[in-house]
Amino acid sequence: MPEEEILNLEAALEMIGGEKDLLLDLLGAFLHEAPFDEAKLLSLEAKEDTTEAAKYVHYYKGAARQLGAEKLAKSGQALEDVLRKKTSGDIPSLNKNFIADYRQAAEAIQDTLEIL
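Residues numbered from 1 in each chain as written. Predicted model: local features only at pLDDT ≥ 70, side-chain atom pairs only at ≥ 80, totals over all residues. Heavy atoms only, no water.

Another aspect to go through is the pattern of salt bridges. Under the defined criterion, the tally for this structure stands at 6 salt bridges. Ionic pairing is found between R103 and E38, a salt bridge with its closest N-O pair at 2.5 Å. Of this pair, R103 sits in helix α6 (residues 91-115) while E38 sits in helix α3 (residues 38-46), and the two are 65 residues apart along the sequence. The exposure class of R103 is exposed, given its relative accessible area of 51%. Here E52 ties to K55 by a salt bridge, and the two come within 3.2 Å at their closest N and O atoms. Within this pair, E52 and its partner K55 are both found in helix α4 (residues 50-67), separated by 3 residues, close to a single helical turn. With relative accessibility at 33%, the residue E52 sits in the partly exposed group. Of the residues examined, K55 reaches a relative accessible area of 45% and is grouped as partly exposed. One connected set of salt bridges, linked through shared partners, spans K61, E80 and R84. (Salt bridge = Lys/Arg side-chain N within 4 Å of Asp/Glu carboxyl O. Helix = DSSP H or I, 4+ residues; strand = E, 2+ residues; numbered from the N terminus. Buried < 20%, exposed > 50% of the residue type's maximum accessible area, 1.4 Å probe, protein only.)

Okay, here's the thing in structure tokens:
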């Protein structure tokens, strides 16, 4: 299986019927209208509010999937599954991966918006 891409624009365009302008709007909204807040996620987890933490991760994981941010979607799914107690895992390590993948995706999105 090939490694997940940080930002697979071909897959994202395919999901929205090839509408490039719509994709640009969605990418911009992902970064600017509801930006990910690392401190919020860590605070929810520190309070052991795994239900709300899982909801928070779910939002960004789902958006990432729609935008072709495959690596972020995968790490988000792994973290969400542990928060929802579907699987076991090390939440701090999964957080670290998710946050790093978000930063990579955000940088790739910003670069894409500047180029296009």
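Next comes the rest of the write-up.
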